[in-house]
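Observations on chain architecture
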Amino acid sequence: MSREEVKRILDEEKILPRSRFGQNFLVDDDVIGRIIGLIGAEQEDLILEIGPGLGALTKPMCAFYGNITAVEIDKDLATYLDNEPSVTAKIINSDYLKVKVDSYNASDVSYVVSNLPYYCMTPVMKKIFSDCNNARKMVLMTEDEAYPRIVATKNTKDYGPLAVLVSLFGVCSKEFNVPGNCFYPVPRTLSCVISLERGEEASSITPDFISFVEKCFAMRRKKLMNNLKPYYPQDVLDRVIGNKDIRAEDMESIEFSRLYRDIISMISNK
Ligand code: SAM
């Protein structure tokens, strides 16, 4: 989709890009082709797209794939896509953060594609992890400056729940950068495309586990024991937390899933 095409559609549909929804539309066919090329799904796999916009990714995906659901917050854009013959995807007009798992068959989603709205990247990624428990691969575009937070390792300032979930999901790679002139309107920031491939630990990510990791990091400088005290019996915590001085920021992602498993099994055996 070219800059001229995007401008023409916006003009015809009388739509103004809404900055509050992070609307910077892709206008570079090379970038679009490279993103689509990273997906690698089978024809019938359920693909979820978050924020399809004017369909820069949706339209070419519809030419390849037969089972796409796209969630778009903006009513005008959702209506445009619904009326567009080349868009065979199921369009849901909703804030992705509010959409219910059943309404988009989240457990059947195999691939997730999104030029993420940057203002809500973290909650969107957490919801994908929480809802799409069988996802095999995610291809996401985000702000380049957010990448360190996504792949942060323990004992760094960027390390937090998001990095723990990404690391447990599998392998995260930065594929390529996308400069501002590939979008309309041109954003101030550099973007990057990342891919996340499912690994062996991905199934340990559940909604309850996500909430557990968030509790562990609730007060970053507090010891893990103190952050978890309000939620679990003290005798259980005494038995499962070997190092009483440890903080969440000192723990590898895999240690969170082991600790959570231990706490839950001890509580259920009580
Ligand atoms: N995918 C299109 C592209 O690459 O040209 C548009 C990308 S634009 C950066 C982000 C899109 O996400 C916009 O269409 C915006 O309306 C939509 N969006 C923003 N917040 C959203 C949310 N919470 N749920 C669903 N869509 C959202």
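Only a predicted model underlies this, so the values are computations on that prediction, with no experimental measurement involved.

1. Some remarks on the site of the ligand
Neighbouring the ligand are 22 residues, the closest being Leu-26, Gly-51, Glu-72, Asp-95 and Tyr-119. Within the contact set of the ligand, an oxygen atom lies 2.9 Å away from a side-chain nitrogen or oxygen of Gln-23. Tyr-96 places a polar main-chain atom, nitrogen or oxygen, 2.9 Å from a nitrogen atom of the ligand. Look at the ligand: alone it shows 590 Å² of surface, and the protein chains cover 99% of it.

2. Some words on the domain arrangement of the chain
Here the chain is described as being made up of domain 1 (3–203) and domain 2 (207–268). Of the residues lining the interface, 15 residues belong to domain 1; the matching set on domain 2 comes to 17 residues. Considering only the side of domain 1, the residues that lose the most area to domain 2 are Lys-154, Tyr-159 and Leu-168, jointly responsible for 36% of the buried surface there. One can count two salt bridges joining domain 1 with domain 2. Here Glu-252 ties to Lys-154 by a salt bridge, and the two come within 3.8 Å at their closest N and O atoms.

3. A word on the sheet that holds strand 3 (residues 68–72)
Reading across the sheet, the seven strands line up as 4-3-2-5-6-9-7 and stay open at both edges, with mixed pairing between neighbours. Each of the sheet's edge strands pairs with one partner strand only, and the pair in question is strand 4 (90–93) and strand 7 (170–178). Taken pair by pair, the neighbouring strands of this sheet meet at an average axis angle of 20°, ignoring direction. Where strand 2 (residues 46–50) lies against strand 3, four bridges are found, and the strand directions are parallel. Across the sheet, Glu-49 pairs through a bridge with Ala-70, a residue of strand 3. Sheet strands touched by helix 7 (residues 161–169): strand 6 (137–143), strand 7 and strand 9 (191–198). Its angle to strand 7, the strand with the most contacts, is close to 110°.

4. Structural notes on the pattern of salt bridges
A full pass over the atoms with the stated rule returns 12 salt bridges. In this structure, Glu-12 engages Arg-8 in a salt bridge whose closest nitrogen and oxygen atoms are separated by 3.2 Å. Within this pair, Glu-12 and its partner Arg-8 are both found in helix 1 (residues 3–12), separated by four residues, close to a single helical turn. By relative accessible area, Arg-8 is classed as partly exposed at 40%. For Lys-157, the salt bridge identified is with Asp-158, shortest N-O distance 3.7 Å.

Criteria and cut-off values
- Residues numbered from 1 in each chain as written.
- Predicted model: local features only at pLDDT ≥ 70, side-chain atom pairs only at ≥ 80, totals over all residues.
- Heavy atoms only, no water.
- Near = heavy atom within 4 Å.
- Polar contact = N/O pair within 3.5 Å; in protein donor to acceptor, adjacent residues only side chain to side chain.
- Areas by Shrake-Rupley, 256 points an atom, 1.4 Å probe, with all protein chains shown as cover.
- Domains from an automatic or database assignment.
- Contact = heavy atoms within 4.5 Å.
- Buried area = accessible area lost by both parts, 1.4 Å probe.
- Salt bridge = Lys/Arg side-chain N within 4 Å of Asp/Glu carboxyl O.
- Pairing = 2+ DSSP bridges.
- Helix = DSSP H or I, 4+ residues; strand = E, 2+ residues; numbered from the N terminus.
- Axes fitted to C-alpha atoms, helices over the stretch in contact; angles between N-to-C directions.
- Buried < 20%, exposed > 50% of the residue type's maximum accessible area, 1.4 Å probe, protein only.

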